[in-house]
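What follows is the residue order along each chain.
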Amino acid sequence: MDQITSEKHLHTQDLNLKATELRLGLPGSESPERHINGGSCGGGGMKNLVAGAKRGFSDTINIASGTWVFNDNGKSEVNFGKNGGFLGENKNPNSMKDGVVKSSPKHANHPQVSVAAPATKAQVVGWPPIRSFRKNSMAAKKTKNVDDPNAEIGSCVYVKVSMDGAPYLRKVDLNIYSSYLDLSLALEKMFSSFTLGQHSTLGSSENPLMDFLNGSEYVLTYEDKDGDLMLVGDVPWDMFTGSCKRMRIMKSSDAIGLACRVAGQSKTAASCKRSIQRCNTSIL
Amino acid sequence: MNAPMPPQQQVTNLDVNVSSMGSSFPEEVLEHVLSFITSHTDRNIVSLVCKSWYDIERWCRRRIFVGNCYAVSPAIVIRRFPEVRSVEVKGKPHFADFNLVPDGWGGYFYPWICEMAKACPWLEEIRLKRMVVTDECLELIAKSFKNFKVLVLSSCEGFSTDGLAAIAANCRDLRELDLRESDVEDLSGRWLSHFPNSCTSLQSLNISCLSSEISFSVLQHLIARSPNLKTLRLNRAVPLEKLYTLLHRAPQLVELGTGAYSAEIRSDVYTNLTDAFSRCKELKGLSGFWDVVPSYLPALYSVCSRLTSLNLSYATIQSPDVTKIITLCPNLQSLSVLDYIEDTGLNAVSLSCKDLRELRVFPSDPFVADANVSLTEQGLVDVSEGCTKLQSVLYFCRQMSNSALSSIAKNRPNLTCFRLCILEPRAPDYLTFEPLDSGFGAIVDHCKQLQRLSLSGLLTDRVFEYIGKRAKKLEMLSIAFAGDTDLGLHHVLSGCDSLRKLEIRDCPFGDKALLANVSKLETMRSLWMSSCSVSLGACKRLSQKMPRLNVEVIDEQGDLDSRPDSCHVEKLYVYRSVAGPRFDMPSFIRTMGQNPAYRRKKKKADP
């Protein structure tokens, strides 16, 4: 499927002899003729190369029966239409030799990009091979500097997710999810093995996390940059990914007081629990 | 532990000679001789000579190294070496550094510390890498060993600053506390104040991975009463304005890691810093440098001429600033930088740093395809040409060519470690669009002492043919997004005589190569394969053929028991072990060849 889509894109490019910057293949993958011309994309040589490369990609995807993106089953992970290659498109490599390449704004180079959240991007887990400590250091620096929504693009921030009673923590990269729904589905998968023993009836499988949260005694909370404990779902998604330092799946009974504080009014226990359920509903 | 149990003893002439030699050759003499033999491999070989040497050796062994914590049982190891003083253990596979090993995988230090706490009261040193260490473990260390001196936790996790407080409070003779890159639950900076006033033994302190602020006065006082402090690596939270007071109290420092290297631009701060650095006549290594404000860099120029090690890999400073510092360091042996250094900076390195042995260049913006800096293959070529002692390279870049690799290989046949990461997977030679087979082929052809190699870029089976034929000293190989068929893997497994660790991700390697080289796997420490084409059935067959291998299949998708044998496994980790299968795994990891019912029973039985 991906192969067909990308070849379609390729044909579109054949007609555009301008140096469009959208690439579907690998940087530097130009046929020799185009190289002499000073490099515009598209053309036969590239198609072959890309097709060759693509075979490799799609083979790997099929064979692995998993996906490129961490824990994100069945989604369109390496979205060739959106980004091209795995890193996003690349400029004419010739321009690299002339000196420092100015990075142009990404959106201008994505004429075919659909309306997708710019803050997230398909990423391959563990590539490039950079240790978490370094990634987190660089990410911390980025969030420090700018309020620019693009500042976090491509960065990768792992936050810990703990669940009361689970034998070990999980770490998730928030930047690979585009919504609370994505996140909740992923978390449900991760933690379902810990709860299966406790809750044998999970209700309908359509919304397992909802069932899980409603039927069980757990809510999803997080600690933000200021160290405050918040309910997940209270703030817009982008704000959440920028401020979440750590998540915790905690018992509702512990969280009820939290909802009351957050609401800023005194409430009965029952209405607090309803608030929590409403929050959970809004997540999902 | 590499040595198997000693061979069956049969009475031979040799034995008779040895035992008669033994009677006129007191144990003490042999022990004394052995004390000069420190390499682990050599000690293992000594223990194989005969039974009496085995016994003598085990009683005088002071240091043990366990490269894979699951290869041996802690109880047996400790029983064999009751007088051990220093233990080094490694846990998770290397790819855990890149989040490829799922949480809960294992690598628990607890079983080890339990054995050691019981049996080795004189233990002095513990060095761990990629292991799960809990606060309980740290507390056990703190109270079990009167002479405890050295704790190094490299890329470990599972403990908090509470555990560190226990170490600080109880280890009266602590010399070294090094938390390098560990993932610590940082509850507060107060743990540091648990070092008693009587503790004056510190020689090395590395807290660079911690995020909390520590009380500066506590830190200052600790440093002031540690006259032997040689290595101090601070965390980001330690402010630059106050660094000079620490340096005043520790002018004997040999290695310093700064905190954030930024402050308001003030002349008094600058003067204090410059003055403090100039007093550090022993300083040979610098690191840290988060959030650098370039105006403060000249403050350290006075130490540059003595520097042998410089780590600017967190410093987001531009090429001119980086280059300026480096050109002042003619004695540099080890350099880590970001790619902000660019080709021009590396060219300067090649001209100024003639003693350079190790170069690491990290990407400043790895997740964008557009090069944000002008760093290409040329920088590395220049360094390979100008730095004749260069042995170890880690280089992230966006383009590479066969001709550049070939130049590098010819320039530097003395390379022992070559790790190249071209950021885009499967990127071809950017000039010819061919695979980079011949370039890497040249590397293994010329660099005959190569021990470690990481590949990247577009690679076919051919590169593995070259590697199998020529890389005879290669011990560790990392492969990603490479190769065409099983033949690639077969070349490596059948050809690389010295191979100990092989880690592979996203390559079309499968059953055939694996099953054709089963006995090779027992000569290696471990094999990791993820997102490849290995079937569950092949894993089972491998396990049947090689009972002394643990064949662990990791699959987070669902129940492995109900999968058909033909389905591909997500991740596979195979390692030799004399300890048999382990039982501390999460539900999504299975050791092949284990009866599931037995496994559940054993898991319940073990604490």
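Going by what an unreviewed UniProt entry lists, chain B is known as F-box domain-containing protein and is assigned to Mikania micrantha. One UniProt comment on chain B, placed under Pathway (unreviewed entry), says "Protein modification; protein ubiquitination." Comment text from UniProt for chain B, heading Subcellular location (unreviewed entry), reads "Nucleus".

The name that an unreviewed UniProt entry assigns to chain A is Auxin-responsive protein, with the source organism given as Mikania micrantha. Of chain A, the UniProt comment under Function (unreviewed entry) reads exactly: "Aux/IAA proteins are short-lived transcriptional factors that function as repressors of early auxin response genes at low auxin concentrations."

Draft legend 1. Up close: the overall build of chain B. Along the backbone of chain B there are 23 helices and 23 strands. On C-alpha atoms alone, chain B measures out to a radius of gyration of 26 Å, which is about the 25 Å that the 2.2 N^0.38 rule sets for 607 residues. With the C-alpha coordinates of chain B rotated into their principal frame, the extents come out at 75 × 65 × 55 Å. The proportion of buried residues among the 607 residues of chain B is 60%. For chain B, the accessible surface area stands at approximately 23100 Å², while carbon and sulfur atoms represent 51% of it. When the 71 basic and 69 acidic side-chain charges of chain B are each reduced to a single mean position, those positions are 5 Å apart.

Draft legend 2. Examining the overall build of chain A more closely. Counting its regular elements, chain A contains 10 helices and five strands. Burial statistics for chain A: of 284 residues in total, 51% are counted as buried. Sequence separation of 24 or more characterises 58% of the internal contacts of chain A that already satisfy a separation of 6 or more. Of the roughly 13300 Å² of accessible surface on chain A, 55% is carried by carbon and sulfur atoms.

Draft legend 3. Here's a closer look at unusual backbone geometry. Here the residue pair W127 of chain A and P128 of chain A is connected by a cis peptide bond, since its omega of -5 degrees sits within 30 degrees of zero. A positive phi is found at N99 of chain B, a non-glycine position, where the angle reads about 60 degrees. Looking at the secondary structure, you find N99 of chain B in the loop between β2 (86-90) and α6 (110-119). Phi at F433 of chain B is positive, roughly 65 degrees, even though this residue is not glycine.

Draft legend 4. Focus on helix α3 (residues 40-47) of chain B. Residue and element names in this part refer to chain B. Those residues of α3 that sit buried are R43, N44, V46 and S47. On an axial view of α3, the arc spanned by its buried residues comes to 160 degrees, and they lie on one face. Structurally, α3 contributes buried residues whose contacts are with α2 (27-34), α4 (51-60) and α5 (74-80).

Draft legend 5. Seen up close, the pattern of salt bridges. Scanning the model with the defined rule gives 38 salt bridges over all chains in all. With a closest N to O distance of 3.7 Å, R85 of chain B and E83 of chain B form a salt bridge. Looking at E83 of chain B, the relative accessible area reads 25%, which means it is partly exposed. Linked through salt bridges whose partners overlap, the residues forming this network are R170 and K171 of chain A together with K92, D103, E157 and E556 of chain B.

Draft legend 6. Representation of the state of the cysteines within the structure. Residues and elements named next belong to chain B. This structure, assessed with the given rule, holds zero disulfides over all chains. Here C417 is not cross-linked by a disulfide; its sulfur's nearest cysteine counterpart is in C447, at 11 Å. Taking relative accessible area as the criterion, C417 reaches 12% and is therefore assigned buried.

Draft legend 7. Focus on the packing of aromatic side chains. Taken as a whole and assessed by the stated rule, the structure comprises 21 aromatic pairs over all chains. Aromatic side chains Y261 of chain B and F289 of chain B sit 5.1 Å apart centroid to centroid with 55 degrees between the ring planes, which places their arrangement in the tilted category. Taken together, the residues Y261 of chain B in the loop between β10 (255-257) and α11 (267-279) and F289 of chain B in the loop between β11 (285-287) and α12 (301-304) connect sequence positions 28 residues apart. The buried category is assigned to Y261 of chain B, whose relative accessible area is 0%. In this structure an aromatic cluster arises from ring pairing among Y70, F95, F98, W105, W528, Y573 and Y575 of chain B. The ring of Y314 of chain B has R134 of chain A lying over it, and the distance from NZ or CZ to the ring centre is 4.3 Å. For R134 of chain A, the ring lying beneath its charged end belongs to F362 of chain B, and the centroid distance is 3.7 Å.

Draft legend 8. Spatial organisation of the environment of S392 of chain B. All names here are of chain B. The residue S392 is located in strand β15 (residues 392-397) in this model. By relative accessible area, S392 is classed as buried at 15%. Sequence separation between S392 and S352 is 40 residues; the distance between their C-alpha atoms is 18 Å. The contact partners of S392, leaving out residues within four places of it in the chain, are R357, E358, L359, L415 and C417.

Draft legend 9. Region of interest: the pairing of strand β14 (residues 358-362) of chain B. Residue and element names in this part refer to chain B. As paired elements, strand β13 (residues 334-338) and β14 share five bridges and run parallel to each other. Counterpart to V337 in the pairing with β14 is V361. Crossover connection from β13 via helix α14 (residues 342-352) to parallel β14: handedness right-handed. By the bridge criterion, four bridges tie β14 to β15 in an arrangement that is parallel. Within β15, the residue paired with R360 across the bridge is L394. Tracing the backbone out of β14, into helix α15 (residues 377-386) and back to the parallel element β15 gives a crossover that is right-handed.

Basis of the calculations
Residues numbered from 1 in each chain as written. Chains lettered and ligands numbered in written order. Predicted model: local features only at pLDDT ≥ 70, side-chain atom pairs only at ≥ 80, totals over all residues. Heavy atoms only, no water. UniProt positions renumbered as here; feature names shortened; annotations may be inferred. Helix = DSSP H or I, 4+ residues; strand = E, 2+ residues; numbered from the N terminus. Rg over C-alpha atoms; globule rule 2.2 N^0.38 Å. Buried < 20%, exposed > 50% of the residue type's maximum accessible area, 1.4 Å probe, protein only. Areas by Shrake-Rupley, 256 points an atom, 1.4 Å probe, with all protein chains shown as cover. Lys, Arg positive; Asp, Glu negative; His and termini not counted. Charge placed at Lys NZ, Arg CZ, Asp CG, Glu CD. Contact = heavy atoms within 4.5 Å. Arc of directions from axis to C-beta. Salt bridge = Lys/Arg side-chain N within 4 Å of Asp/Glu carboxyl O. Disulfide = S-S within 2.5 Å. Phe/Tyr/Trp six-rings, centres within 6.5 Å; stacked < 30°, edge-to-face > 60°. Lys NZ or Arg CZ within 6 Å of the ring centre and 35° of its normal. Pairing = 2+ DSSP bridges. Right-handed = clockwise from strand over helix to strand, strands pointing away.

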